[in-house]
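Coordinate inspection notes
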Amino acid sequence: RRPGKGSRPKGKKATRAQAEHGDAVHVTSFSAGAWQVMQSLAQVASLLAAMVWHCSCATLGTLLSLLHPSMWMGESHAGVTFYDGRVFHSRTRPVMNVFAYPLRFAVIDLDAPPPWFVSSGQAGDHMTAAEVRARCGTDGPVRLLTSPWSFGYVQNPISVYYGYRQTCDAEMSERTELADKGNAEVAKADARTTPKNSRLRKAQKILKTQNTQTTQQKSGQTRKTDKAEKFEKVEEVEKVESAVGKGDAASSSSSSPHHACSPETLAVCVAEVTNTPWGERVVFNFRPAGQRVPKALHVSPFMDMLGDWDISATHADGEMTLDVNVVGHPVYGDYFRASLKAKRDDGAPRARSERAGVVRLLKHACTPHRVALWIYQQALVVIWRGVRFFPPPGLAAVAAAGALRGAELATAQALLGPAVERGREAGTKTVSQGGTVGSGGGGGGGCPLRFSWRGAKKWPWNT
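Turning next to the overall build of the protein chain. Scanning the protein chain for helices and strands turns up eleven helices and eleven strands. Relative to its full complement of 463 residues, the protein chain shows a buried share of 38%. Long-range contacts, defined here as pairs at least 24 residues apart, represent 68% of the contacts in the protein chain between residues at least 6 apart. Entry remark: accessible area of the protein chain is about 26,500 Å², with carbon and sulfur atoms responsible for 59%.

Below, the structure is given as C-alpha cells:
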C-alpha cells in the first residue's frame, strides 16, 4: 500500500527530529569530553604548582629549624609517642614491583594531644576521642597513628585509631566487684601474703644465727678464712632472695585471676584511608586481629576496584604493625601487600623530627613530602612497566559498590563465622577465604564497619 500524501511530511519531520537529537548527543558528548580534558589539565597544573610550593616551604622550613632553640635543646610533649619503622610494598601482578622506605610517625593520645597537633590544624582533620568512642562503643583511651603535618603539608595514605576498653572480661569484672564488697576470701588471701622485705629479713636473721653457731663449733674443724666465709654468706643470701621472689610471684599469680585481657584492651580499630592526590576519604571499623573488608575507595589509579582489603593492626610493648593486603581479585588473586613495622623511638619519643636533633632532622624531616615523592616515583615506575591506568570511577559509584560488597561479606560472615573463628584459634589464616569478614551490621566474629565517605575538598579533584 502506497503511503498517502499526508504521511510524507510526517516522515520528514521524524527524520529531522532524529538528526537534531543526534547532533545534541554529539555536542553533549563533545562537551563532556572537553570538560574532562580541561579537568585533567587543571589537575596536572594544580599538582605541579603544589609540588613547587610545598617543596619550597619544606626547604625554607628545614633551614629555619636549625635556628630554633628546641632543635638543639629538644622538645618533649606529653600525649604523643614517636615510632621509627619501615613501610614495605609488594606487588606481584600484572608486573612485579617491590619497594620500601623509612617512616617516623606519631601515636597521639586524643584525650590529651600535644599542643602542636591542635595549633597546626591537624586535629580538625581527624576525629576526636569522643567521636571514636561513640563509633566503636569503647570506654577507654583512644590513640591515633598518623604522620604529623610538616610545614603546612600532610600526606597520610592511612591513619589508624586504636580504641581501648577499660573493662576486662567477666571474670575480672566479677573479681573487682567482690573486692569492692570486701569479699572475705580475697581478704584472707591478701592477709596471707607476706611482704618480700619482711621475709628477707627473717631469712637473713636465720642465716646469722646459723653462722654464729657454726663459729662456736671448734671440735677439730678448720676455720674458714674471712673472705671465703663472706663469699659463702652472700651466695646463701642471694639464694634466699631468689626463693623469696619466686614465692611472691607464685602467690601473686595465684591470688590474681587468670584473664586474657589487661585494664586497657585493644578492642576496635578505625581505618581512615585517603587517596592521593584526590583527597577523597573513607573511614571504617575493623578487628585488630584481622578483618576482610570491601575495597571501599579508589586508592591507586594503577589498580581496579576488584578484590577486597585484608587489614590488621597491633600495638603492644613499644612495637606496632599494620598490614593492608589486596586479596580475592578474580584474575590476580592475592597480589598486593603493604605493611608497616615500627618500634618506639626511645631516643626522642616525645619530639617531632624537626625538633629532635640534627640526625633525625636529616633522616626524617618533611616526612609527608618524602612520602608524596616516593608515591609519585613509584607511579612513574609502574607506568614505565606498562601497568594500565584506571581513572577514578566516582565516589558515589565506589560507595554504592562498597555497600553492596559489604552486604555480601556480612552474609558470608553469618555462614562461615564459626569456622573462621576456629581457624583463627588454631593459628591459621587464609586471607582469600579464612580472614574474618564483615560489614556494617556484620555479626559473628566480624566487626561492624560503619562506612563513611568524604569527597574531595575542591575542584579539579572532585570525582
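Ranked by size, the top nonpolar core spans 37 residues in total, and within it Phe105, Tyr162, Phe284, Phe286, Trp309 and Ile311 carry the most contacts. Among the secondary structure elements, those contributing two or more residues to this core are β1 (80-91), β2 (97-109), β4 (158-165), β5 (265-274), β6 (281-286), β8 (308-316), β9 (319-327) and β10 (336-344). Top element by residues in this core is β2. It accounts for five residues. Apart from residues lying up to four places away in sequence, Phe286 is in contact with Val160, Val268, Cys269, Val270, Ala271, Gln291, Ile311, Ser312, Ala313 and Cys447. Of all hydrophobic cores here, the second largest spans 19 residues; its members include Trp116, Met127, Val132 and Ala267.

Turning our attention to a nonpolar patch on the surface. Taken together, the side chains of Leu60, Leu63, Leu64, Leu66, Leu67, Trp72, Met73, Val358 and Leu362 define a hydrophobic patch exposed on the protein surface, amounting to about 1,000 Å² of accessible area. Of all elements in the fold, only α1 (7-65), α2 (69-73) and α9 (358-364) reach the threshold of two or more residues within the nonpolar patch. Ranked by residue count, the leading element in the nonpolar patch is α1, at three residues.

Below, the discussion takes up empty space enclosed by the protein. A complete count under the given rule lists two cavities of 30 Å³ or more for this structure. Counted as a void, the largest cavity has a volume near 100 Å³. Within the lining of the largest cavity, the residues separate by chemical class into four nonpolar, five polar and three charged. Size it by volume and the second largest cavity reaches roughly 40 Å³. As for the second largest cavity, its lining consists of Pro102, Leu103, Arg104, Lys363, His364, Thr367, Arg370, Val371 and Trp374. For the lining of the second largest cavity, the element with the highest residue contribution is helix α10 (residues 367-384), accounting for four residues. Residue composition of the lining of the second largest cavity, grouped by class: four nonpolar, two polar and three charged.

Structurally, Asp109 is set in strand β2. Put simply, Asp109 and Val80 are 29 residues apart on the chain and 6.0 Å apart in space, counted from C-alpha to C-alpha. In terms of polar contacts, Asp109 uses its side chain to reach the backbone amide nitrogen of Asp111, at 3.1 Å.

Below, the discussion takes up the sheet that holds β10. Strand order in the open sheet made by the eleven strands is β7-β8-β9-β10-β1-β2-β3-β4-β5-β6-β11, with antiparallel pairing throughout. The strands lining the two open edges of the sheet, one partner per strand, are β7 (291-294) and β11 (452-454). Each adjacent strand pair in this sheet contributes to an overall mean axis angle of 20 degrees, direction not counted. Examined bridge by bridge, β9 and β10 share eight bridges and lie antiparallel to one another. Note on β10: the bridge partner recorded for Leu322 is Leu340.

For the coordinates displayed, the defined rule picks out zero disulfides. We note that Cys55 lacks a disulfide partner, and the nearest cysteine sulfur, in Cys366, lies 8.8 Å from it. Look at Cys55 and you get partly exposed, because its relative accessible area is 35%.

The next subject is the pairing of β10. Taken together, the nine bridges between β1 and β10 define a ladder with antiparallel strand orientation. Its bridge partner being in β10, Phe88 is matched across the sheet by Ser339.

Now for the layout of surface pockets. There is about 910 Å³ of room inside the second largest pocket. His54, Tyr153, Val154, Pro277 and Gly279 are the residues nearest the centre of the second largest pocket, which is lined by 31 residues in total. Within the residue set of the lining of the second largest pocket, elements represented by two or more residues are α1 and α10. Sort the elements by how many residues they give to the lining of the second largest pocket and α1 lands first, with six residues.

Rules used in this analysis
- Residues numbered from 1 in each chain as written.
- Predicted model: local features only at pLDDT ≥ 70, side-chain atom pairs only at ≥ 80, totals over all residues.
- Heavy atoms only, no water.
- Helix = DSSP H or I, 4+ residues; strand = E, 2+ residues; numbered from the N terminus.
- Buried < 20%, exposed > 50% of the residue type's maximum accessible area, 1.4 Å probe, protein only.
- Contact = heavy atoms within 4.5 Å.
- Areas by Shrake-Rupley, 256 points an atom, 1.4 Å probe, with all protein chains shown as cover.
- Core = buried A, V, L, I, M, F, W, Y, C linked by side-chain atoms within 4.5 Å.
- Patch = residues over 30% accessible without salt bridge, like charges linked within 9 Å, V, L, I, M, F, W, Y side chains within 5 Å.
- Salt bridge = Lys/Arg side-chain N within 4 Å of Asp/Glu carboxyl O.
- 1 Å grid on protein atoms, 1.4 Å probe; cavity = no way out; pocket = protein on both sides within 12 Å on 5 of 7 lines; lining within 4 Å.
- Points joined across faces, edges and corners; volume = space filled by probe spheres on them.
- Nonpolar A, V, L, I, M, F, W, Y, C, P; charged D, E, K, R; others polar.
- Polar contact = N/O pair within 3.5 Å; in protein donor to acceptor, adjacent residues only side chain to side chain.
- Pairing = 2+ DSSP bridges.
- Axes fitted to C-alpha atoms, helices over the stretch in contact; angles between N-to-C directions.
- Disulfide = S-S within 2.5 Å.

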